[in-house]
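The residues making up each chain are set out below.
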Amino acid sequence: YLFYIHFFSNGNISYINYFDKARTKFKRALYTESGYLSKEIYLEKNQVKSCLYYNQQGIVVLEEHYTQDNQLSYLSLKESNGSSCFFQDRDQWIKHWFQKIITFYKQPVFYVDKNRLYNHNLVELKSPAFKLISIFHSVHVSNPQKMGDGRINSNYKISLAETNKFDGYIVSTEQQRQDLWARFGSELKIWVIPPTFAHIESELTVNAVVSPLNVIAV
């Protein structure tokens, strides 16, 4: 038993699992739907030891290496100029990526809707060189009945603890803007962008036969 091969619906390989003589999986190779190798995962005793990421030319551009207890040991990134960068954790790597964007573009704007993942890195880099906007997708307190003094939703702790590092906020409703101003001060720049749009017809003119078996999903 050497391989287990899975295919996309178009006939191209999705991934290949490789097995040794003891039928233990020691490698998985993942492919894109268009047909090129994108990632190889090497395992030992069913634990990930390393991951290699490939570009379309088949060149390794990123390596991840793990300890025996499945913790990330270090990352190695191959830059476009041929040099290599080494990082002890993903936060260092993410900061490196952000710094590249800040350097490449003239005054870029970061709209962060994955606040828990990225804010702690962006606030450390914050400078006049870029704008930082936090997007709120949900209520900003754990208990909606305690808007004034309730515990802050963990997704938005940094957004609201370091308001001096943020150039603005986007929320879904006018009520949330008012609640934020009441607790954190009206000097905060907050824009309301509703995630939905409702258009109310004055009169329904369509006479349709309704079937309980018809379902429409948008």
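Residues numbered from 1 in each chain as written. Predicted model: local features only at pLDDT ≥ 70, side-chain atom pairs only at ≥ 80, totals over all residues. Heavy atoms only, no water.

**So, the packing of aromatic side chains**
How two aromatic rings sit relative to each other is given by the distance of their centres and the angle of their planes. Applicable threshold: Note on ring pairs: Phe, Tyr and Trp rings are taken, using the six-membered ring of Trp, and paired if centres are within 6.5 Å. Classes follow the plane angle, with under 30 degrees stacked, over 60 edge-to-face and the rest tilted. Helix and strand definitions follow DSSP, with helices as H or I runs of at least four residues and strands as E runs of at least two, each counted in order from the N terminus. The classification of residues rests on relative accessible area computed with a 1.4 Å probe and restricted to protein chains. Under 20% of the type maximum is buried, over 50% is exposed, and intermediate values are partly exposed. Only when the NZ atom of a Lys or the CZ atom of an Arg is both within 6 Å of the ring centre and within 35 degrees of the ring normal do we say a charge sits over the ring.
Inspection of the entire model under this criterion finds 13 aromatic pairs. Residues Phe110 and Phe130 carry aromatic rings whose centres are separated by 5.2 Å and whose planes lie at 80 degrees to one another, so their mutual orientation is edge-to-face. With Phe110 in strand β9 (residues 109-112) and Phe130 in the loop between α2 (115-125) and β10 (131-135), this residue pair connects regions lying 20 residues apart in the sequence. Residue Phe110 shares its accessibility class with Phe130, and that shared class is buried. Taken together, Trp97, Phe98, Phe110, Tyr118 and Phe130 form an aromatic cluster joined through their ring pairs. Cation over ring: Arg23 sits above Tyr1, and NZ or CZ is 4.5 Å from the ring centre.

**Quick notes on the pairing of strand β4 (residues 37-44)**
We count it as follows: Paired strands, in this sense, are two strands between which DSSP finds at least two bridges.
Bridge analysis of strand β3 (residues 25-31) against β4 gives five bridges, and the strand direction is antiparallel. Paired with Lys27 across the bridge in β4 is Tyr42. The hairpin formed by β3 and β4 contains five residues between the paired strands, and Gly35 there has a positive phi angle of roughly 115 degrees. Direction of pairing for β4 relative to strand β5 (residues 47-54): antiparallel, over a ladder of six bridges. Note on β5: the bridge partner recorded for Tyr42 is Ser50. With antiparallel pairing between neighbouring strands as the criterion, β4 and β5 make up a hairpin whose turn holds two residues, including Lys45 at a positive phi of roughly 55 degrees.

**Side note on the side chain of His65**
Following the sequence through the fold, His65 ends up in strand β6 (residues 60-66). On the accessibility criterion, His65 (19% relative accessible area) is buried.

**Concerning the pattern of salt bridges**
Here is the rule we go by: Should a side-chain nitrogen of Lys or Arg be within 4 Å of a carboxyl oxygen of Asp or Glu, the pair is scored as a salt bridge.
This structure, assessed with the given rule, holds seven salt bridges. Glu40 is the salt-bridge partner of Lys27, the closest N and O atoms lying 3.6 Å from each other. Note that Lys27 is positioned in strand β3 and Glu40 in strand β4, a separation of 13 residues in sequence. The same class applies to Lys27 as to Glu40, namely buried. Between Asp167 and Lys126 there is a salt bridge, with the nearest N and O atoms lying 2.8 Å from each other. One end of the pair, Asp167, is in the loop between α3 (157-161) and β11 (168-171); the other, Lys126, is in the loop between α2 and β10, and 41 residues separate them in sequence. You can call Asp167 partly exposed: its relative accessible area is 25%.

**Quick notes on a nonpolar patch on the surface**
Spelled out, the test is: Patch rule: a residue counts if its relative accessible area is over 30% and it has no salt bridge; like charges are joined within 9 Å, and nonpolar side chains (Val, Leu, Ile, Met, Phe, Trp, Tyr) within 5 Å. Here the Shrake-Rupley method, with its probe set to 1.4 Å, supplies the accessible areas, and only the displayed protein chains count as covering residues.
Together, Leu2, Phe3, Ile5 and Phe7 give the surface a local cluster of nonpolar side chains, amounting to about 400 Å² of exposed area. Examined against the element boundaries, Phe3 turns out to sit in strand β1 (residues 3-7).

**Details of the sheet that holds β11**
The condition that has to hold: Only the contacting stretch of a helix is used when fitting its axis, a line to C-alpha atoms as for every element, and angles between N-to-C directions run 0 to 180 degrees. Contacts: residue pairs with any heavy atoms within 4.5 Å of one another.
In space, the four strands of this open sheet follow the order β9-β10-β11-β12, with parallel pairing throughout. Edge strands, defined here as strands with exactly one partner in the open sheet, are β9 and β12 (190-192). Within this sheet the neighbouring strands show an average axis-to-axis angle of 20 degrees, counted without direction. Contacting β11 and β12, helix α4 (residues 174-184) crosses the sheet at an angle of about 165 degrees to β12.

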